[in-house]
Amino acid sequence: MKYISELPLPSQTFSQNPYRCKLDFGQWGTAQALARKDIIVIVDTLSFSTAVTTAVAHGGLIYPCSIAEDSVILAQRLGAEVAVRRNEVPQKGRFSLSPLTYVGMTAGTRIVIPSPNGGTCSGLAQTAPCLLIGSLVNAKAIASAISQMLKTTNLCVTIVCCGERELTLSEYGETRMAIEDYLGAGAILSYLEYEKSPEACVCEGAFLHTHKQLEATLLDCGTGRKLRELGFVTDVQHASQLNLYSSVPIMGVEGFVCDHLNLCKSFHSEFE
């Protein structure tokens, strides 16, 4: 199996230049955005991005963990707790990919969140000029942070829809389209006033067409049905709430933290 970093990048035909707001998908799209040195926003609505945003809103310090990493070893090194599977709460731990497990947490708690989609894409993108985590619940706040950076630099932004990676289908894994990520990306794009690529415009249009029925749409989409069958309907309902939080998870020295204004000041100084 080839790692995504070993795969060749496509030509400039697919760069979505000269538009400043772009849309891409999965690990491949993350690698393309990283090669362009774009600001990157990872969108994994059900449920990595929503879990991270909820945790940060309640004062948590979140460390994303890819499928290639050992979450236990990483947590030991960082002095953090490991998020367990949803059905292992509370027997094996308090936190999981269920966003509601972070409500009421103690501020400053460090948590490693393993995730085959959002966590893996975040790991690939960690050297981007700026790495943000966004979804429906913080779409407007993420767009505001992006706008600040686009206004003061010549950089572009790529919103990455992670999709759902089904590891059991083949030795390479398969990533399927996840409309909940597409809608989360479209929500962020809808608050951006910079030039958008055709791919980004279509994504924004999908959100605008659906924004009045987000909960019903997410509950009945593939991933939503899967979570409902597992008994986690409240996770889907929580993730469907537009602009619930003003938190902006941004990659810093301490993982994803909420002091994005200070980090953005540092970012602006670097690119002036």
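J.: Explain the nonpolar core residue by residue, including any values.
T.: Counting residues in each nonpolar core, the largest one holds 40 residues, and the members touching the most others are Leu-23, Val-41, Leu-132, Ile-146, Val-157, Ile-159 and Ile-188. Those elements that provide at least two residues to this core are strand 1 (21-25), strand 2 (39-43), helix 5 (139-152), strand 7 (157-161), helix 6 (179-190), helix 7 (198-210), helix 8 (214-220) and helix 10 (233-239). Element by element, the count of residues in this core is highest for helix 5, at 8 residues. In this view, Leu-23 contacts Gln-16, Thr-158, Ile-159, Cys-161, Tyr-182, Ala-185, Ser-197, Glu-199, Ala-200 and Cys-203; residues no more than four positions away in its chain are not counted. With 24 residues, the next largest nonpolar core counts Ala-55, Met-105, Ile-113 and Ala-128 among its residues.

J.: Run through empty space enclosed by the protein, naming residues and quoting values.
T.: A full pass over the atoms with the stated rule returns 1 cavity of 30 Å³ or more. Taken as a whole, the largest cavity holds about 50 Å³ of empty space. Residues that form the lining of the largest cavity fall into these classes: 3 nonpolar, 4 polar and 1 charged.

J.: So what about the layout of surface pockets? Which residues, and what values?
T.: The gaps of empty space that remain are located by a probe, the size of a water molecule, rolled over the atoms. One number sums up the size of the largest pocket: a volume of about 920 Å³. Considering the residues around the largest pocket, the lining is formed by 31 residues, among which Arg-85, Arg-86, Leu-97, Pro-116 and Lys-226 are closest to the centre. Looking at the lining of the largest pocket, the elements that each hand over two or more residues are strand 5 (110-114), strand 8 (164-166) and helix 9 (222-229).

J.: Which residues make up the packing of aromatic side chains, and what values go with them?
T.: Scanning the model with the defined rule gives 2 aromatic pairs in all. Their ring planes at 15° and their centres at 6.3 Å tell us that Phe-25 and Tyr-182 sit as a pair that is stacked. Here the residue Phe-25 occupies a position in strand 1, and Tyr-182 occupies one in helix 6, the gap between them amounting to 157 residues. Under the relative-accessibility criterion, Phe-25 is labelled partly exposed at 37%. By relative accessible area, which is 15% here, Tyr-182 ends up buried. Centroid distance Phe-95 to Tyr-102: 5.2 Å. Interplanar angle 10°. Geometry classified as stacked. Both residues of the pair, Phe-95 and Tyr-102, count as buried. In this structure, Arg-86 is placed above the aromatic ring of Phe-232, and the distance from its NZ or CZ to the ring centre is 5.7 Å.

J.: So what's going on with the environment of Gly-231? Residues and values would help.
T.: Here Gly-231 lies in the loop between helix 9 and helix 10. C-alpha separation for the pair Gly-231 and Asn-87, spaced 144 residues apart in sequence, amounts to 9.3 Å.

J.: Help me get a handle on the pairing of strand 2, residues and values and all.
T.: The element strand 2 is largely enclosed, with a buried count of 5 among its 5 residues. Burial of the side chains of strand 2 extends over both faces: Ile-39, Val-41 and Val-43 are buried on one face and Ile-40 and Ile-42 on the other. Of the pairings in the sheet, the one linking strand 2 to strand 7 comprises 5 bridges and is parallel in character. Note that in strand 7 the partner of Val-41 across the bridge is Ile-159. Here 4 bridges tie strand 2 to strand 6 (residues 131-134), and the two strands are oriented parallel to one another. Looking at strand 6, one finds that Ile-42 is bridged to Ile-133.

J.: Could you give an account of the environment of Gln-16, naming the residues involved and the relevant values?
T.: Considering the arrangement of structural elements, one finds Gln-16 in the segment before strand 1. You can call Gln-16 buried: its relative accessible area is 9%. Along the sequence, Gln-16 and Glu-199 sit 183 residues apart, while their C-alpha atoms lie 8.1 Å from each other. Side-chain polar atoms of Gln-16 contact the side chain of Ser-197, separated by 2.5 Å.

J.: Can you lay out helix 5 for me, pointing to particular residues and giving the numbers?
T.: Taking 1.5 Å per residue, 14 residues should reach 20 Å; helix 5 reaches 21 Å between its end C-alpha atoms and fits that length. For helix 5, the full list of buried residues reads Ala-139, Ala-141, Ile-142, Ala-143, Ala-145, Ile-146, Ser-147, Met-149 and Leu-150.

J.: Quick one: what's the story with the pattern of salt bridges, residue by residue and with numbers?
T.: The tally for this structure, following the rule as stated, stands at 7 salt bridges. For Asp-235, the salt bridge identified is with Arg-86, shortest N-O distance 2.8 Å. Placement of the pair is Asp-235 in helix 10 and Arg-86 in the loop between strand 4 (81-82) and strand 5, with a sequence separation of 149 residues. As far as burial versus exposure is concerned, Asp-235 and Arg-86 are alike and both buried. Where salt bridges share partners, they join Lys-22, Arg-36 and Asp-38 into one cluster.

Cut-offs applied
- Residues numbered from 1 in each chain as written.
- Predicted model: local features only at pLDDT ≥ 70, side-chain atom pairs only at ≥ 80, totals over all residues.
- Heavy atoms only, no water.
- Core = buried A, V, L, I, M, F, W, Y, C linked by side-chain atoms within 4.5 Å.
- Buried < 20%, exposed > 50% of the residue type's maximum accessible area, 1.4 Å probe, protein only.
- Helix = DSSP H or I, 4+ residues; strand = E, 2+ residues; numbered from the N terminus.
- Contact = heavy atoms within 4.5 Å.
- 1 Å grid on protein atoms, 1.4 Å probe; cavity = no way out; pocket = protein on both sides within 12 Å on 5 of 7 lines; lining within 4 Å.
- Points joined across faces, edges and corners; volume = space filled by probe spheres on them.
- Nonpolar A, V, L, I, M, F, W, Y, C, P; charged D, E, K, R; others polar.
- Phe/Tyr/Trp six-rings, centres within 6.5 Å; stacked < 30°, edge-to-face > 60°.
- Lys NZ or Arg CZ within 6 Å of the ring centre and 35° of its normal.
- Pairing = 2+ DSSP bridges.
- Polar contact = N/O pair within 3.5 Å; in protein donor to acceptor, adjacent residues only side chain to side chain.
- Expected span 1.5 Å × (residues − 1).
- Salt bridge = Lys/Arg side-chain N within 4 Å of Asp/Glu carboxyl O.

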